[in-house]
Number of protein chains: 2
Amino acid sequence: MADQAFVTLATNDSYARGAMVLGKSLRNHNTSKKLVVLIGPQVSEPCQAVLKRIYDELKVVDVLDSGDTAHLAMMKRPDLGVTFTKLHCWTLTHYTKCVFMDADTMVVSNIDELFDREELSAAPDPGWPDCFNSGVFVFRPSVETHGKLLAFCTEHGSFDGGDQGVLNGFFSDWATADISKHLPFIYNLSSIAIYTYLPAFKQYGGNAKVVHFLGKTKPWSYTFDPKAKRISGNVHEAATHPSFLLDWWTLYAGSIVPMLHQQYGDQPFHSG
Amino acid sequence: MADQAFVTLATNDSYARGAMVLGKSLRNHNTSKKLVVLIGPQVSEPCQAVLKRIYDELKVVDVLDSGDTAHLAMMKRPDLGVTFTKLHCWTLTHYTKCVFMDADTMVVSNIDELFDREELSAAPDPGWPDCFNSGVFVFRPSVETHGKLLAFCTEHGSFDGGDQGVLNGFFSDWATADISKHLPFIYNLSSIAIYTYLPAFKQYGGNAKVVHFLGKTKPWSYTFDPKAKRISGNVHEAATHPSFLLDWWTLYAGSIVPMLHQQYGDQPFHSG
Ligand SMILES: O=c1ccn([C@@H]2O[C@H](COP(=O)(O)OP(=O)(O)O)[C@@H](O)[C@H]2O)c(=O)[nH]1
Ligand SMILES: O=c1ccn([C@@H]2O[C@H](COP(=O)(O)OP(=O)(O)O)[C@@H](O)[C@H]2O)c(=O)[nH]1
Ligand SMILES: [Mn+2]
Ligand SMILES: [Mn+2]
């Protein structure tokens, strides 16, 4: 459907790599939706060019330069820079419904059925499960909602310093109001859950639909040996499930690196 | 109400100490419900005597000795001993509704409002939040349900080796069916959540109603200096929030130890 889209965000070249893998994973699983990537002005030309090959729409969002309410809001809360950029997704009003996905997520099957859900649908956060995790959520673009979100940010800030705190503060009845707005956890499966409650992962993890590499160490923080198909460094000590990490790198090395090479040409580029 | 009860379980003297603190915490917050403790045959006479002073009803459950379907079920799944004892709570049919609470929980306010909920109501498990945590749950005693649970156990076992796996397997639509059966997380607040997502704890933890000392190290595993009102050992390295642990020990040292002393008389007893 032309009026529905998956949306992600990358403010720099590292997260842009994540967005490339995410977009490619959605394409590989034959999504029928549009793909939109919001980028910050720091994303390099070659990365923008690769993103354009994968995404239908690339939109540069420079909150600092916008001169509008978003800019004013950010002057009052300069700590919330990336958050304001993420909230920008509500202005994509040429779509009637969207699914936002963090650039550190990857789909492992088609998830177009998420568009049957209403705003704001999201999966519980492992850790504090009455909060939703803001790495995957269904929303309806609306200038009005965007304005209210900015006002909320300015007035209340974010209890965790990021978008998850703002969105949970704003959509504060998520935990108690409507079960259909609780996405199954397999739509936002983070490695942290695997290590906290391994038997549940073994029981239900096989149905995973979206993997979320939540936390400090992102897939692109590792290095990968494409010949041996192995990640270097002690993956078992890290917070990421080895097989998901390998899936990410297999897609990155197989499909994204060749596109990056074409863009960078002879220029050296950092492959991981 | 005489036909509603809080129910807990202790199969040995360590968990019995937990049950004593839990029962006392419920009394201190003026519950109007009955208090029931299921105990295993290993719980010592003096501990039973103290439990009797706090609880309205003490019931010895010896699944091994029962000669009924529970015994038969356990012969097939000897690994699930404590689980079968816990499931025994469904046979308390002289109550129409009950709230089960693990012996390693403690209430920090009156929670009688939980009896407005229906079977099976429980809070999400931090870790795998589409599972409920079986440390606090609302249920309706029923011989029929008890029989079905035993049959389920025998046939499917428990994916995590304990009662939580069995109960989540049996009440498998909890995550998706009815939001009113999702107890707010503050009714089963485990320390693990505090360390996984500290900003959320700072934001919402002040409303805690039930603290759950989930995991390997229980409050009674520490030692306490009642004069200095301090826990010995490195509490910060442990998985338990220091102030909740101190609350537990304050209640234990102040109200339970004197009762234990009366029962044990001159006999030495291990105070922590
Ligand atoms: O410097 C940054 C930090 C974050 N993000 C975007 O914001 C999302 C949320 O941040 P992150 O995934 O790092 O947070 P986590 O999921 O680990 O809490 C990312 O996936 C990106 O889409 C970004 O573009 N640049
Ligand atoms: O040896 C045992 C183990 C468990 N229990 C009971 O079963 C509950 C669940 O076990 P536990 O609290 O240790 O599990 P956790 O909450 O840490 O997963 C306890 O609170 C007790 O009520 C018991 O009586 N004896
Ligand atoms: Mn993320
Ligand atoms: Mn417990």
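Residues numbered from 1 in each chain as written. Chains lettered and ligands numbered in written order. Predicted model: local features only at pLDDT ≥ 70, side-chain atom pairs only at ≥ 80, totals over all residues. Heavy atoms only, no water.

**Q** Go over the overall build of chain A with me, naming the residues and quoting the values.
**A** The number of helices and strands found in chain A is ten helices and eleven strands. Taken over C-alpha atoms, the radius of gyration comes to 18 Å for chain A, in line with the 19 Å a tight globule of 272 residues would show. With respect to the principal axes defined by its C-alpha atoms, chain A has extents near 50 × 45 × 35 Å. For chain A, contacts bridging at least 24 residues in sequence account for 71% of all contacts bridging at least 6. In chain A, 23 side chains carry a positive charge and 28 a negative one; their mean positions are 6 Å apart. (Helix = DSSP H or I, 4+ residues; strand = E, 2+ residues; numbered from the N terminus. Rg over C-alpha atoms; globule rule 2.2 N^0.38 Å. Contact = heavy atoms within 4.5 Å. Lys, Arg positive; Asp, Glu negative; His and termini not counted. Charge placed at Lys NZ, Arg CZ, Asp CG, Glu CD.)

**Q** Run through the site of ligand 2, naming residues and quoting values.
**A** All names here are of chain B. Residues in close proximity to ligand 2 total 13 residues, the closest being Leu9, Thr11, Tyr15, Gly215 and Lys218. The separation between an oxygen atom of ligand 2 and a polar side-chain atom of His212 is 3.0 Å. Here ligand 2 loses 77% of its free accessible area of 510 Å² to cover by the protein chains. Looking at the shell around ligand 2 residue by residue, the class counts come to six nonpolar, four polar and three charged. (Near = heavy atom within 4 Å. Polar contact = N/O pair within 3.5 Å; in protein donor to acceptor, adjacent residues only side chain to side chain. Areas by Shrake-Rupley, 256 points an atom, 1.4 Å probe, with all protein chains shown as cover. Nonpolar A, V, L, I, M, F, W, Y, C, P; charged D, E, K, R; others polar.)

**Q** Break down the coordination of the manganese ion (ligand 3) for me, with residues and values.
**A** Each pair of donors in an ideal octahedron of six around a metal sits at 90 or 180 degrees, and each pair in an ideal tetrahedron of four sits at 109.5 degrees. Residues and elements named next belong to chain A. Those protein atoms acting as donors to the manganese ion (ligand 3) are Asp102 (OD), Asp104 (OD), Asp104 (OD) and His212 (NE2), and they sit at 2.2 to 2.3 Å. Donor residues binding the manganese ion (ligand 3) come from one chain and are separated in sequence as D-x1-D-x107-H. Remark: His212 occurs in strand E9 (residues 210-212) and Asp102 occurs in the loop between strand E4 (97-101) and strand E5 (105-107); sequence separation between them is 110 residues. Assigned by exposure class, Asp102 and His212 land together as buried. (Donors = N, O, S within 2.8 Å, 3.2 Å for Na, K, Ca; no water. Buried < 20%, exposed > 50% of the residue type's maximum accessible area, 1.4 Å probe, protein only.)

**Q** Break down unusual backbone geometry for me, citing the residues and quoting the values.
**A** Residue and element names in this part refer to chain A. Of the consecutive residues Glu119 and Leu120, the connecting peptide bond is found in the cis state with omega at -10°. Relative to the elements of secondary structure, Leu120 occurs in the loop between E5 and strand E6 (121-124). Residue Asn30 is not a glycine yet carries a positive backbone phi of 55°. As for its placement among the helices and strands, Asn30 is situated in the loop between helix H1 (13-28) and strand E2 (34-39).

**Q** Tell me about the site of ligand 1, and please be specific about residues and values.
**A** All names here are of chain A. Around ligand 1 sit 13 residues in total, of which Leu9, Thr11, Tyr15, Gly215 and Lys218 are the nearest. At 2.5 Å from an oxygen atom of ligand 1 is found a side-chain nitrogen or oxygen belonging to Tyr15. In this structure, Asp102 approaches ligand 1 through a side-chain N or O atom, which is 3.2 Å from an oxygen atom. Computed on the free molecule, ligand 1 has an accessible area of 510 Å², of which 76% lies beneath the protein chains in the complex. Of the residues in the shell around ligand 1, the class split is six nonpolar, four polar and three charged.

**Q** An account of the nonpolar core is requested, with residue identities and associated values reported.
**A** Counting 61 residues, the largest nonpolar core has Met20(A), Leu51(A), Met101(A), Ile111(A) and Trp128(B) as the members making the most contacts within it. Looking at which element gives the most residues to this core, the answer is helix H10 (residues 242-264) of chain A, with eleven residues. Apart from the residues within four sequence positions on either side, Met20(A) is in contact with Cys47(A), Val50(A), Leu51(A), Ile54(A), Ile256(A) and Leu260(A). If you look at the next biggest cluster of nonpolar residues, it comprises 60 residues, including Met20(B), Leu22(B), Tyr197(B) and Phe213(B). (Core = buried A, V, L, I, M, F, W, Y, C linked by side-chain atoms within 4.5 Å.)

**Q** If you had to explain the coordination of the manganese ion (ligand 4) to someone new, which residues and values would you point to?
**A** Residue and element names in this part refer to chain B. Binding of the manganese ion (ligand 4) to the protein goes through Asp102 (OD), Asp104 (OD), Asp104 (OD) and His212 (NE2), at separations of 2.2 to 2.3 Å. Of note is the manganese ion (ligand 4), whose six donor atoms meet at the metal with angles of 56 to 172° in an arrangement that counts as irregular. Binding-site remark: the manganese ion (ligand 4) is held by donors from one chain whose sequence spacing is D-x1-D-x107-H. In this structure Asp102 comes out as buried when scored by relative accessible area, which is 16%. (Tetrahedral: all angles 85-135°; square planar, octahedral: opposite > 155°, others 65-115°.)

**Q** Could you give an account of the sheet that holds strand E1 (residues 4-10) of chain B, with specific residues and numbers?
**A** All names here are of chain B. Taken in spatial order, the six strands line up as E3-E2-E1-E4-E7-E6 in an open sheet, and their pairing is mixed. Each edge of the sheet is formed by a strand with only one pairing partner; in this case those strands are strand E3 (57-60) and strand E6 (121-124). Ignoring strand direction, the axes of neighbouring strands in this sheet form an average angle of 25°. In this sheet, strand E7 (residues 132-139) lies alongside E6 in antiparallel orientation, the contact comprising three bridges. Pairing of Ser121 across the sheet is with Val138, part of E7. (Pairing = 2+ DSSP bridges. Axes fitted to C-alpha atoms, helices over the stretch in contact; angles between N-to-C directions.)

**Q** I'd like to hear about the relation of the copies chain B and chain A, residue by residue, with values.
**A** For the match of chain B to chain A, the screw axis carries a shift of 0.0 Å, the RMSD comes to 0.0 Å, and the turn is 180°. In the structure described here, the two chain copies are related by an operation that fits a two-fold rotation axis. When the interface residues of chain B are mapped onto chain A, 100% of them are again interface residues, pointing to one common binding face. (Least-squares fit on C-alpha atoms with pLDDT ≥ 70 in both.)

**Q** Go over helix H5 (residues 143-156) of chain B, please, and point to the residues and values.
**A** Counting along an α-helix, one turn takes 3.6 residues, and residues three or four places apart therefore face a common direction. All names here are of chain B. For H5, which comprises 14 residues, the first-to-last C-alpha distance of 20 Å matches the rise-based estimate of 20 Å (1.5 Å per residue) to within 8%. Taken together, the buried positions of H5 are Thr145, His146, Leu149, Leu150, Phe152 and Cys153. Each buried residue of H5 sits inside an arc of 160° when the element is viewed along its axis, so together they form one side. Exposed residues on H5 whose side chains face more than 90 degrees from its buried face are Val143, Glu144 and Glu155. Close packing links the buried residues of H5 with helix H3 (69-76), helix H4 (81-87) and helix H6 (163-170). At the N-terminal boundary of H5, the capping side chain belongs to Ser142, with an oxygen 3.2 Å from the backbone nitrogen of Glu144. (Expected span 1.5 Å × (residues − 1). Arc of directions from axis to C-beta.)

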